[in-house]
Amino acid sequence: MSHDTRPLPRQRATEIANAFLPERFWGSRWDYYYVREKLASDPLYPGVLDALRGSSAPLLDIGCGLGLLAHALHRDGQSLPYHGVDIDAAKIARAHSAAQRAKLAQAEFATADLAREIPRHAGSVAILDVLQYLSAEAQRRLLDAAIAMLTPGARLVIRAALDDDGRRGHYTRLGDRFAHLTGWMPSAPKHYPSTEALRAAFNNAALQANFAPLFGRTPFNHWLIVAARPV
Ligand SMILES: C[S@@+](CC[C@H](N)C(=O)[O-])C[C@H]1O[C@@H](n2cnc3c(N)ncnc32)[C@H](O)[C@@H]1O
């Protein structure tokens, strides 16, 4: 299965970004511009929306950051109960207030360090651009836990930069290091998952999985991986 590799239309990106405007005109507009440009340039969200379409299972968004997926789902007419968790308490607070502003009644957020605790959940799971911040062992634990959460018809949607010695792998590592050095990403990347490790986890659980490149116009080695129990 291939996915839509175009980003969201700029108008949709701006509508979502509006929820991240400061309450007073002198407040910081950093999140607003970040969200607007990220959504208008990254093919991630249309790919994930495609992958989740047709399922009404509640969604756990692991490492949710500012909770952009909750906004993208809402604007796409997918009204799933959404629970986002992230280690960054400041981001979670901003995600919470933007979701309230956009009246996302079904969205909830909490702080959690996934290397130490994995929330309980039953339904679909999204793990978008997060695995590389966990050790190989923590990744295995998280994947096994996420697989155990899948209910019939639910989906496990992962975007990951897969381990690769090529040019794309090199640019991915540089991009992640840059995000860490500039302070945008407090965590430094620890381990990039391999295709083989992910396939082994899915095969052990008898899941069907589809791997599709999601490079868009970026130089990064991003793949969208969708796994589910066979029907
Ligand atoms: C590249 S961002 C992706 C955010 C979001 N998934 C998205 O696609 O917009 C990676 C996120 O993983 C979070 N993260 C990193 N290490 C974590 C950990 N140990 N536990 C929970 N979240 C973590 C970061 O705080 C950050 O928000």
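Residues numbered from 1 in each chain as written. Predicted model: local features only at pLDDT ≥ 70, side-chain atom pairs only at ≥ 80, totals over all residues. Heavy atoms only, no water.

Draft legend 1. Spatial organisation of the nonpolar core. Within the largest apolar cluster, 43 residues are counted, with the highest numbers of intra-cluster contacts made by Leu69 and Tyr82. Elements represented by at least two residues in this core include exactly helix H1 (10–18), helix H2 (30–41), helix H3 (44–52), helix H4 (68–75), helix H5 (89–101), strand E3 (107–111), strand E4 (124–128) and strand E7 (222–228). A per-element tally of this core places H3 first, with six residues. Leave out the neighbours within four places in its chain, and Leu69 touches Tyr45, Val48, Leu59, Asp61, Tyr82, Ala126 and Leu128. In this structure, Leu134, Ala160, Phe202 and Leu207 belong to the second largest nonpolar core, which totals 30 residues. (Core = buried A, V, L, I, M, F, W, Y, C linked by side-chain atoms within 4.5 Å. Buried < 20%, exposed > 50% of the residue type's maximum accessible area, 1.4 Å probe, protein only. Helix = DSSP H or I, 4+ residues; strand = E, 2+ residues; numbered from the N terminus. Contact = heavy atoms within 4.5 Å.)

Draft legend 2. Quick look at the packing of H1 against H2. With their axes 8 Å apart at the nearest point, H1 and H2 run at an angle of 150 degrees to one another. What the angle tells us is that H1 and H2 run roughly antiparallel. When you trace H1 past H2, the crossing you get is right-handed. Where H1 abuts H2, its residues Arg10, Ala13, Thr14, Ile16, Ala17 and Asn18 lie against Tyr32, Val35, Arg36, Glu37, Leu39 and Ala40. Residues that form the contact of H1 with H2 fall into these classes: seven nonpolar, two polar and three charged. (Axes fitted to C-alpha atoms, helices over the stretch in contact; angles between N-to-C directions. Parallel < 35°, antiparallel > 145°, perpendicular 65-115°, else oblique. Left-handed = near helix turned anticlockwise from the far one by under 90°. Nonpolar A, V, L, I, M, F, W, Y, C, P; charged D, E, K, R; others polar.)

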